[in-house]
Amino acid sequence: MARRHHERDGRSDSGAEAAADAGRASDTGDDGTAGIARRRFLGYVLAAPTLTVAARLGADVLAPGEAAAATPGLVPSLPGPAELLDLNELLTLAALPTSGLLTIRLDAEGTAHFALPRAEVGQGVTTSSAMIVAEELDLPLDRVKVTLADARPELLFNQLTGGSNTTYSTYTPLRVAAAVARGRLLHAAALVLGEAVETLTTKAGTVLSPAGRILGYGELAVRAAVLSDAAVAVTLKDPARFRVVGTGQRRIDALEAVTGRKKFAMDLQVPDALPTMVCRPPTINGTVRSVANLAEVRAMPGVTDVVAVSTGVAVRGRTFGQCVDAVRALRVDWGPGTAEGASDATVLEKLRRAELPLVIPPLPLLTKAVDERFTFHFASNAALETNCAIADVREGSAEIWGSFKAPLVAQEEIALTLGLPVTAVRLHVTEGGGSFGRKLFHDAAHEAVEISRALGKPVKLMWHRTDDFRQGRTHPMSTSRVRATYALGEVLTYEQRHTSIATDFGHGIGEILTAEAARLPVADLTFSETMFQLTQTSPYHLGVTTQLLAETDKGFNTGSMRNIYSPNVRCAQELVMDELARRTGQDGYALRRRLMKDPRARAVLDKVAELAEWGRSMPDGTAQGIAVHTEYHSAVAVLAEIDCRPRTTGRTIPGAYTGPRVTKVVCAVDVGLAVNPRGLEAQMMGGISDGIALALTSGLHLRDGHFLEGSWDQYFYTRQWNTPPELEIVVMPPSGDKPGGAGELAVAGAMAAVACAYGRATGTMPKVFPVNHTEPLAFTPLPTVPPVPASPVDGRDRAL
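Calculation rules
Residues numbered from 1 in each chain as written. Predicted model: local features only at pLDDT ≥ 70, side-chain atom pairs only at ≥ 80, totals over all residues. Heavy atoms only, no water. Helix = DSSP H or I, 4+ residues; strand = E, 2+ residues; numbered from the N terminus. Expected span 1.5 Å × (residues − 1). Bend = angle between axes of the 7 residues up to and from the residue. Buried < 20%, exposed > 50% of the residue type's maximum accessible area, 1.4 Å probe, protein only. Patch = residues over 30% accessible without salt bridge, like charges linked within 9 Å, V, L, I, M, F, W, Y side chains within 5 Å. Areas by Shrake-Rupley, 256 points an atom, 1.4 Å probe, with all protein chains shown as cover. Salt bridge = Lys/Arg side-chain N within 4 Å of Asp/Glu carboxyl O. Disulfide = S-S within 2.5 Å. Pairing = 2+ DSSP bridges. Axes fitted to C-alpha atoms, helices over the stretch in contact; angles between N-to-C directions. Contact = heavy atoms within 4.5 Å.

1. Topic: helix 5 (residues 166-193)
Since the α-helix packs 3.6 residues into each turn, any two residues three or four apart lie on the same face.
Then, number 1: End to end, helix 5 covers 39 Å across 28 residues, agreeing with the expected 40 Å (1.5 Å per residue, within 8%).
Then, number 2: Thr 172 marks the point of greatest bend in helix 5, at about 25°, and the proline Pro 173 comes within the next four residues.
Then, number 3: For helix 5, the buried fraction is high: 23 of the 28 residues fall into the buried class.
Then, number 4: Positive phi shows up at Gly 194, right after helix 5, with a value of about 70°.

Quick look at the structure:
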């Protein structure tokens, strides 16, 4: 596997440069314009025993983008809503009023501490946040400690992790706070040394004087503190002098992760919080009518408690293995759920009926049309860490531990459920083992609270893997109807009607008001349509363009899996782009390049076409596919090569699904300023694996009101035998002075590129995803009663 990324040339940390940063920096960039990097910002030094700082920002931190001129000859498209204000900008604007509550504290050892009000679920935001602080503070990276903040109601909209927004929204506040701290340290050092502050420099956590005297940040931290809050104006460091931001860094938690020392919710030892599991219904959201053998199960070895709750029958025991045995032993009479009798076919029929009409027909003799409908089956939001939480509910208080991407919603709704003031509910955010949008919801925490309240005891609740797949959150099944009209080689109109099972946005934008609004009748569709319009853009000029959403059926547990609507919407559009190219006799890459709106998107497209030798001769049954995705101020292009020859699709691996194999992927990404190019590469790798899975193998089969898949060995996510042997990722040189969103970016581009490659290799446009969904099941479904399988004893025999 080849990897590369572009970085700026190395520069020395000269004293003159540092001094300019400290006191003599101009307020304008090299071109004389006021950019984010060289503008003056207002921050605060807060009253505290040691140096503690914060930032204050206004809406002007969002720099408007520049519209690209259309290529002569094509029919330009008007900007879509997301090109004027996207979800990333909305979340950032909502967070700005409380940005001054994000503080950095410097202790007497010279270590900076920052409690990040976001979730770390493997995406690397603790590392990138530490890099930003280290850069602006001139502090070694290993002396910046980033933890996860508990739920803080005062932050309002500023504690939501989603929309690839963390680094985009915290980048400038963190820089300002760190710059304030650095300035205070310089002033404190000037008083100690009797030197003019403008003669002092900072380096590696120390202040240096022209005479060679050195003071450590630790010994200055108390002196730099203040007795009352004070406003301080600062100028941020010129990006040309960055030494940490923009360089590839290992994750600060990498050693703990690979040595097993990293703490997740189930690793915490909360007194008396015993393992707890739930016996769940055989159909989606079924209910408990009665339990025939409560006494018998309560008497089983290790079992301490058994109680019926709203989601099933909870079992608390000494070990999780004993809980599994008890769950399997329960004999429950179940009531109907919210999707009784539903199947893929019945859901598809509902989607067809809910589809909004297209309005622009082809004009006989004048225009022609590509008119296609695509089906995208349910996909699982399950992460490697199953749904879990610890809860301790007592009289007048509650304490919860878990991985939360919307902790304020969780805290506020739990307080409402318990009839407690929010201040009586303490919610601790732990690191999470993956999310894919799953941890925007607090289902496990709410369930753990209900069980703890019923038992009067603390519980350590963990869902079984089968629970996750059958009762957990899913990416909703959807269809996309597309019609594009064209004449004389030009695209005149593009209509897309995306119809979906309702996506649950019950997390709102991070607090209870929008969370509740998203659940109201009618308002929920309005909320979904708003999310759709704030995220969906077309990178191409396709004439008169409309993309609309319709939703139906709220009986499923859904959520915003990585990239929300974009993978399906982009996949459909890119397949139509290939068909337009074929019908008009144009090359697929050339057509995309000519119709591209954004020069940054054109640049990444050109890069992958160059590196992968687009259009090279390939054997029959193999082909290349190419796609572009723009979102959240970033652009990615993916070129995939696929092998659909029988000798590949017929590979046999015990207990596995093989099918077509993506043999090569080249990805080029432009996020403006990549804070950590190494972390960005990792994000692209994960997104590419997701995209391959969604296109080829990973989907849920719905039958008789339940999903057939019950574990990862049946869901067929991209495995080692289906990952591309050749993978090249290019991080483009900086094209801006702040980072764009990246966490979800590659999924849509990869899925679309793989789908296009499959269509070219087989000679048939794929219209159902994943493409293996219509094949006979490659596994034997687990029974629904009992709801979980017995604990395996042959793990070594199954290892590949």
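2. Side note on a nonpolar patch on the surface
Then, number 1: A grouping of Leu 84, Leu 85 and Leu 93 is seen on the molecular surface, where their side chains present a nonpolar patch of about 260 Å² in accessible area.
Then, number 2: Relative to the assigned elements, Leu 85 resides in the loop between helix 2 (81-84) and helix 3 (87-95).
Then, number 3: When its relative accessible area of 33% is taken as the criterion, Leu 85 is described as partly exposed.

3. Some words on the pattern of salt bridges
Then, number 1: Here the structure, examined in full by the defined rule, presents 43 salt bridges.
Then, number 2: A salt bridge links Arg 616 to Glu 641; the nearest nitrogen and oxygen atoms lie 2.6 Å apart. Placement of the pair is Arg 616 in the loop between helix 18 (599-611) and strand 26 (622-631) and Glu 641 in strand 27 (residues 634-643), with a sequence separation of 25 residues.
Then, number 3: Judged by relative accessible area, Arg 616 falls into the partly exposed class, the value being 33%.
Then, number 4: What you see here is one network of salt bridges that share partners, running through Glu 120, Arg 251, Asp 253, Lys 262 and Glu 431.

4. Considerations on the state of the cysteines
Then, number 1: Scanning all chains against the criterion turns up 0 disulfides.
Then, number 2: Cys 388 takes part in no disulfide bond, and the closest cysteine sulfur, belonging to Cys 323, lies 14 Å away.
Then, number 3: Accessibility expressed as a relative area gives 10% for Cys 388, which makes it buried.
Then, number 4: Looking at Cys 667, it has no disulfide partner, and the nearest cysteine sulfur is the one in Cys 756, 15 Å off.
Then, number 5: By relative accessible area, Cys 667 is classed as buried at 0%.

5. Quick word on unusual backbone geometry
Then, number 1: For the bond from Phe 769 to Pro 770, the omega torsion is -5°, close enough to zero to count as cis.
Then, number 2: On the secondary structure map, Pro 770 appears in the loop between strand 32 (768-769) and helix 23 (795-798).
Then, number 3: Here the bond from Val 785 into Pro 786 is cis, since omega is -5°, no more than 30 degrees from zero.
Then, number 4: Mapped onto the elements of the fold, Pro 786 is located in the loop between strand 32 and helix 23.
Then, number 5: Its identity as a non-glycine residue notwithstanding, Ser 164 has a phi of 50°, on the positive side.
Then, number 6: Within the secondary structure, Ser 164 is located in the loop between strand 6 (144-148) and helix 5.

6. Section: the sheet that holds strand 14 (residues 312-317)
Then, number 1: Strand order across the open sheet formed by 7 strands is 13-14-11-21-18-19-20, with mixed pairing between neighbours. The sheet terminates laterally at strand 13 (303-309) and strand 20 (425-429), the two strands that pair on one side only. In this sheet, adjacent strand axes meet at a mean angle of 20° when their direction is disregarded.
Then, number 2: Here strand 19 (residues 397-402) runs beside strand 20; their pairing, made up of 5 bridges, is parallel. Note that in strand 20 the partner of Gly 402 across the bridge is Val 429.
Then, number 3: Sitting on the sheet, helix 9 (residues 320-329) touches strand 11 (274-279), strand 13, strand 14 and strand 21 (459-462), and the angle it makes with strand 11 is about 25°.

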